[in-house]
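Below are the chains, spelled out letter by letter.
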Protein chains: 2
Amino acid sequence: MITAIDVIRSKRDGLELSTDQIDWVIDAYTRGEVADEQMSALAMAIFLNGAVPREIADWTAAMIRSGITLDLSGVGKPCVDKHSTGGVGDKITLPLAPLVACFGVAVPQLSGRGLGHTGGTLDKLESIPGFDVDLTEERVVAQLREVGAVVCAATGDLAPADKKLYALRDTTATVESIPLIASSIMSKKIAEGADAIVLDVKVGSGAFMKDFADAKTLAETMVRLGADHGVDTRALLTDMSIPLGRTAGNALEVRESLEVLAGGGPADVVELTVELAREMLAAAGRTDADPAEALADGRAMDTWRSMVAAQGGWPDAALPVARETMDVTADTDGYVVDVDAYAVGVAAWRLGAGRTRQGLPVQAGAGVEILKTVGEQVRAGDPVFRLHTDTPDRFEAAAESLAGQWQVGPEPAKRGPMVLDRLA
Amino acid sequence: MITAIDVIRSKRDGLELSTDQIDWVIDAYTRGEVADEQMSALAMAIFLNGAVPREIADWTAAMIRSGITLDLSGVGKPCVDKHSTGGVGDKITLPLAPLVACFGVAVPQLSGRGLGHTGGTLDKLESIPGFDVDLTEERVVAQLREVGAVVCAATGDLAPADKKLYALRDTTATVESIPLIASSIMSKKIAEGADAIVLDVKVGSGAFMKDFADAKTLAETMVRLGADHGVDTRALLTDMSIPLGRTAGNALEVRESLEVLAGGGPADVVELTVELAREMLAAAGRTDADPAEALADGRAMDTWRSMVAAQGGWPDAALPVARETMDVTADTDGYVVDVDAYAVGVAAWRLGAGRTRQGLPVQAGAGVEILKTVGEQVRAGDPVFRLHTDTPDRFEAAAESLAGQWQVGPEPAKRGPMVLDRLA
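Conventions and cut-offs
Residues numbered from 1 in each chain as written. Chains lettered and ligands numbered in written order. Predicted model: local features only at pLDDT ≥ 70, side-chain atom pairs only at ≥ 80, totals over all residues. Heavy atoms only, no water. Helix = DSSP H or I, 4+ residues; strand = E, 2+ residues; numbered from the N terminus. Buried < 20%, exposed > 50% of the residue type's maximum accessible area, 1.4 Å probe, protein only. Contact = heavy atoms within 4.5 Å. Areas by Shrake-Rupley, 256 points an atom, 1.4 Å probe, with all protein chains shown as cover. Lys, Arg positive; Asp, Glu negative; His and termini not counted. Charge placed at Lys NZ, Arg CZ, Asp CG, Glu CD. Salt bridge = Lys/Arg side-chain N within 4 Å of Asp/Glu carboxyl O. Pairing = 2+ DSSP bridges. Buried area = accessible area lost by both parts, 1.4 Å probe. Polar contact = N/O pair within 3.5 Å; in protein donor to acceptor, adjacent residues only side chain to side chain. Nonpolar A, V, L, I, M, F, W, Y, C, P; charged D, E, K, R; others polar. Arc of directions from axis to C-beta. Domains from an automatic or database assignment. Axes fitted to C-alpha atoms, helices over the stretch in contact; angles between N-to-C directions. Left-handed = near helix turned anticlockwise from the far one by under 90°. Least-squares fit on C-alpha atoms with pLDDT ≥ 70 in both. Phe/Tyr/Trp six-rings, centres within 6.5 Å; stacked < 30°, edge-to-face > 60°. Core = buried A, V, L, I, M, F, W, Y, C linked by side-chain atoms within 4.5 Å.

## Structural notes on the overall build of chain A
Reasoning step 1: Secondary structure summary: chain A contains 16 helices and 13 strands in total.
Reasoning step 2: Overall, the C-alpha framework of chain A stretches about 70 × 45 × 35 Å when taken along its three principal axes.
Reasoning step 3: Split into buried and exposed, the 424 residues of chain A put 55% on the buried side.
Reasoning step 4: Considering only intrachain contacts with a sequence separation of at least 6, the fraction spanning at least 24 residues in chain A is 79%.
Reasoning step 5: As presented, chain A carries roughly 16,000 Å² of accessible surface, and 50% of it is formed by carbon and sulfur atoms.
Reasoning step 6: Averaged over its 40 positive side-chain charges, chain A has a centre that lies 1 Å from the centre of its 62 negative ones.

This is the structure we're talking about:
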């Protein structure tokens, strides 16, 4: 007979957990037979003692089996999923899903809400008047068939063990463990039933993975897990040493995404969107497709409008705007040489773009606009950041989180390429 | 502001916890603000990453402050406390407390109930008809003043943080950690308010600490914690490679203790009782006292009878006897060369002497009698163990736990001294 104490003790003492032990503990935890305090002790033991690839594969498989798997066979076209590991101002999903879908490839994006300084894709889309993120499985399949792109809330029936464990890890300082992160992401993604998965693993100060080597290990682990389950899985390691684009906040990021879909937008957002689209299209066998062209000629924008309309949103409605703004200005002449992405995320969160506790509402218009980003020239007194909020008493705390977190230097800094490495 | 996540993360990452962090986390856990799943993650991080002496001292002090400290100033004589770290068939408290008390030294023994294969002192005493283990603080002080010896249940008001954490560690495989064991024992003992503490740290297969070096580290850690709080603390490392005495079980152990108090009893039990009594008497300044004499001349027995009577028990009542017995016999001629103490503990537990879950009753008469112990000669067919129970369907499981756990050899084995080392 397997008991929770035996499983915890094995991992605590540096032993490998057997497939039976892992199957049992995940199932018993899902059913509530293994208590939260037992699972958190086990999670800490995994955090500190690690897990071998076979254990990670078993853990992932057990979490997939804890719930249902979406059946996308009725979609009638190749389905390619994408996942970005947490980062600040990650609005890539918004232009990327319609961009890939306009080539006849289905893109299901089952997303979450934000917590803390990393915004949630659903919060961003809900700043569009009328947009509905809660869809049934039937509606998801129908929309993938008809429009090609869906961005909606993940149902609790997919990998419920992960859902429970994810919330537990958040309160017990057991988040930043590669075995636990990889199995969490891949159990959800594999349960979503796509033919291929493209992973956007962010690296740098604004990302979950600060370090290139850790990010690469995480990417390799996830690519292997996908392959184990017969899903074509690829990963791009992408730069998040400075914020992506010029905005952090819900409606602010939707507006920036619309610029990209209209053929403009910040160069780094465009570059990353096109690179990820290319990888997703290649995974669907569409190596011929040219995503840059589809941004330029309006096809991606057409699919975006169809997606928004299909989910009840008004594509032509004005986006919410915060009631108040305040500028943060430069003290000296020179060039912006660094902006800390994490600090920008915290500032946006403090302004009301994020939540401190699950279930709380967010401000649609709040956030940070980066008026001068890395490489650009400023003069003393020029506004560098514009803070947006409905609650101006938060300006001070937001400005404080930016203080000392950006630099002006005498020489222009040049940003490197967005894609640092590629694994398939 | 200190948060649970920050404290867990610090220890997880191998940092030392500050005094403020420790004070906060123990207080917040006691109040229920830090959740069980957070404390178990922290306990696992301490288990795997350890703690320095300063952290252990702070942790102990915080647990003492979580509740009340007994005020023994009204007792009017030196008070010396004793604690044995868990082991099988540890009946030493029963003869020891009255033996020391008969020299005018007060011995408060606030004890617990058994769980699993280690029996609880309270369960043993409750096999005496009428014996009451639930005393108020006033009664404890009065009995220490008048009789000198008290063995009763620890009140929940002493170190409540430890009480909560102890139950949590039991279900989360975070028991066998020296910082957590040492702080648990010493917080309770220091809160009991004695002038001196003698620790009986058991080593060997039947003990919690299997390894001499670990046992010594635990003893050193506890002696230092006592000294930090101004309590004269000494430790004896004592042998538990084979069971102590000839019995494991509640009334069976009381009967064996009565033999010791009557001047007889197994040599190892007598040796350990006298050695510990000598150490406790020395801590009370009574280096002149001769405990062996007090066993021989009946003074210790008189104090035992006074103690039992003071707590409502009938010193002359017949002790409960199990309804059924079954003997386990030797297959070959020779000498008993080994008996695994842990196996004897498990057998007694399976026979009904212990409980599988807190709150369940135990059988007063159940247990194991060791008819032939290490060093004694046997012939094939001789009974070696006598199993006692009210529920004979358990004989098979109990016999199974003994199978292969004791050996007969061609040469008589000799047991070494009971006290392996001494620390003060």
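## Brief notes about the pattern of salt bridges
Residues and elements named next belong to chain A.
Reasoning step 1: Scanning the entire structure with this criterion turns up 62 salt bridges over all chains.
Reasoning step 2: A salt bridge links lysine 188 to aspartate 162, with the nearest nitrogen and oxygen atoms 3.5 Å apart. Pair noted here: lysine 188 is in helix α9 (residues 178-191) and aspartate 162 is in helix α8 (residues 160-171), with a separation of 26 residues, a long-range link.
Reasoning step 3: Lysine 188 gets classed as partly exposed once you look at its relative accessible area, which sits at 27%.
Reasoning step 4: When its relative accessible area of 2% is taken as the criterion, aspartate 162 is described as buried.
Reasoning step 5: Through salt bridges with shared partners, a single ionic network connects Asp232, Arg234, Glu279 and Arg422.

## Side note on the pairing of strand β9 (residues 367-370) of chain B
Regular strands place their side chains on alternate faces of the sheet.
All names here are of chain B.
Reasoning step 1: As paired strands, strand β6 (residues 247-249) and β9 are joined by three bridges and run antiparallel to one another. Residue pairing for β9: threonine 247 is matched across the bridge by glutamate 369.
Reasoning step 2: Bridge count for β9 against strand β11 (residues 383-389) is four bridges, and the pairing is antiparallel. Within the sheet, the bridge partner assigned to glycine 367 lies in β11 and is histidine 388.

## Re helix α1 (residues 4-12) of chain B
Reasoning step 1: If you check which residues of α1(B) are buried, you get B:Ala4, B:Val7, B:Ile8, B:Ser10, B:Lys11 and B:Arg12.
Reasoning step 2: Residues of α1(B) that are buried in the fold lie against α3 (36-49) and α8 of chain A together with α2 (19-31), α3 (36-49) and α4 (53-65) of chain B.
Reasoning step 3: Where α1(B) terminates, the next one or two residues include B:Gly14, which has phi positive at roughly 80°.

## With respect to the interface of chain A and chain B
Reasoning step 1: On the side of chain B, 21 residues touch chain A, which itself brings 21 residues to the contact.
Reasoning step 2: With both sides pooled, the region where chain A packs onto chain B buries about 1,700 Å², and carbon together with sulfur makes up 65% of that total.
Reasoning step 3: Here A:Glu176 makes a salt bridge to B:Arg12, at a shortest N to O gap of 3.0 Å.
Reasoning step 4: Scanning the region where chain A abuts chain B turns up nine residue pairs in polar contact (both at pLDDT 80 or more).
Reasoning step 5: In terms of residue class, the side of chain A that touches chain B is made up of nine nonpolar, six polar and six charged.

## Some points on helix α16 (residues 395-402) of chain B
Residues and elements named next belong to chain B.
Reasoning step 1: Taken residue by residue, α16 has Phe395, Ala398, Ser401 and Leu402 as its buried positions. Projected down its long axis, α16 carries its buried residues within an arc of 130°, all on one side. Residues of α16 that are exposed and point over 90 degrees away from its buried face: Glu396 and Glu400.
Reasoning step 2: Residues of α16 that are buried sit in contact with β7 (324-329), α15 (341-353), β11 and β12 (406-409).
Reasoning step 3: Phi turns positive, to about 80°, at glycine 404, one or two residues after α16.

## Some points on the domain arrangement of chain A
Residues and elements named next belong to chain A.
Reasoning step 1: Structurally, chain A comprises domain 1 (4-50), domain 2 (73-310) and domain 3 (324-409).
Reasoning step 2: Contacts between the two partners involve eleven residues from domain 1 and, on the opposite side, 13 residues from domain 2.
Reasoning step 3: Inspection of the domain 1/domain 2 interface yields zero salt bridges.
Reasoning step 4: Counting across the interface, domain 1 meets domain 2 through one residue pair in polar contact (both at pLDDT 80 or more).
Reasoning step 5: No other element matches α3, which puts seven residues into the side of domain 1 that touches domain 2.
Reasoning step 6: The class makeup of the residues in the side of domain 1 that touches domain 2 is seven nonpolar, three polar and one charged.

## Thoughts on the packing of α8(A) against α9(A)
Residue and element names in this part refer to chain A.
Reasoning step 1: For the pair α8 and α9, interaxial distance at closest approach is 10 Å and the crossing angle is 145°. Seen along the crossing, α8 lies across α9 with a hand that is left-handed. Contacts between α8 and α9 involve Asp162, Tyr166 and Arg169 on the former and, on the latter, Leu180, Ile181, Ser184, Ser187 and Lys188.
Reasoning step 2: Of the residues contributing to the contact of α8 with α9, the split by class is three nonpolar, two polar and three charged.

## Considerations on the relation of the copies chain A and chain B
Reasoning step 1: With an RMSD of 0.1 Å, the operation that places chain A on chain B is a rotation of 180° combined with a shift of 0.0 Å along the axis. Both chain copies can therefore be described as sitting about a two-fold axis. Looking at the rotation axis and the C-alpha trace of chain A, the residue lying nearest is A:Glu37, at 1.9 Å.
Reasoning step 2: Here 100% of the contact residues of chain A are again contact residues in chain B; the copies associate through an equivalent surface.

## Here we look at the environment of B:Glu192
Residue and element names in this part refer to chain B.
Reasoning step 1: Looking at the element boundaries, glutamate 192 is found in the loop between α9 (178-191) and β4 (196-203).
Reasoning step 2: You can call glutamate 192 buried: its relative accessible area is 2%.
Reasoning step 3: Sequence-wise, glutamate 192 and arginine 9 are 183 residues apart; in three dimensions their C-alpha atoms are separated by 33 Å.
Reasoning step 4: Setting aside residues no more than four positions away along its own chain, glutamate 192 makes contact with Leu70, Leu72, Asp81, Pro108, Leu110 and Leu158.

## A few points about the environment of B:Leu72
Reasoning step 1: Mapping B:Leu72 onto the fold places it in the loop between α4 and β1 (80-84).
Reasoning step 2: Separated by 222 residues in the primary sequence, B:Leu72 and B:Ala294 place their C-alpha atoms 26 Å from one another.

## Remarks on the sheet that holds β9(B)
Residue and element names in this part refer to chain B.
Reasoning step 1: Within the open sheet, the four strands sit side by side as β6-β9-β11-β7. Their pairing is antiparallel. Strand pairing shows two members of the sheet lacking a second neighbour, β6 and β7, which therefore form its edges. Put simply, the sheet's adjacent strands are angled 15° from each other on average, direction ignored.
Reasoning step 2: Relative to the sheet, α15 contacts β6, β9 and β11, its axis offset from that of β9 by approximately 135°.
Reasoning step 3: The sheet contacts of α16 involve β7 and β11, and relative to β11 the element is tilted by about 145°.

## A closer look at the packing of aromatic side chains
Residue and element names in this part refer to chain A.
Reasoning step 1: Summed over the entire model, instances satisfying the criterion amount to two aromatic pairs over all chains.
Reasoning step 2: Residues phenylalanine 385 and tryptophan 406 carry aromatic rings whose centres are separated by 5.4 Å and whose planes lie at 80° to one another, so their mutual orientation is edge-to-face. Of this pair, phenylalanine 385 sits in strand β11 (residues 383-389) while tryptophan 406 sits in strand β12 (residues 406-409), placing them 21 residues apart in sequence. Each member of the pair, phenylalanine 385 together with tryptophan 406, is buried.

## Examining the nonpolar core
Reasoning step 1: Counting residues in hydrophobic clusters, the biggest one holds 53 residues, and the most contacted among them are A:Ile26, A:Leu42, A:Trp59, B:Ile26, B:Leu42 and B:Trp59.
Reasoning step 2: With near-sequence residues (within four places) excluded, A:Leu42 lies in contact with A:Val7, A:Ile8, A:Lys11, A:Leu17, A:Val25 and A:Trp59.

## Thoughts on unusual backbone geometry
Reasoning step 1: Within the chain, A:Ala159 stands out as a residue other than glycine whose phi angle is a positive 45°.
Reasoning step 2: Mapped onto the fold, A:Ala159 is located in the loop between β3 (149-153) and α8.
Reasoning step 3: Classification of A:Ala159 as buried rests on a relative accessible area of 1%.
Reasoning step 4: The phi angle at B:Ala173 is positive, at roughly 55°, despite the residue not being glycine.
Reasoning step 5: Relative to the helices and strands, B:Ala173 resides in the loop between α8 (160-171) and α9.
Reasoning step 6: Residue classification places B:Ala173 among the buried positions, given a relative accessible area of 4%.

## Remarks on the pairing of β4(B)
Residue and element names in this part refer to chain B.
Reasoning step 1: For β4, the buried fraction is high: eight of the eight residues fall into the buried class.
Reasoning step 2: Here β1 pairs with β4 via five bridges, running parallel. Within β4, the position partnered with aspartate 81 by the bridge is isoleucine 197.
Reasoning step 3: In the sheet, β4 pairs with strand β5 (residues 232-239) via eight bridges, with the strands oriented parallel. The residue bridging valine 198 from the neighbouring strand is arginine 234, located in β5.

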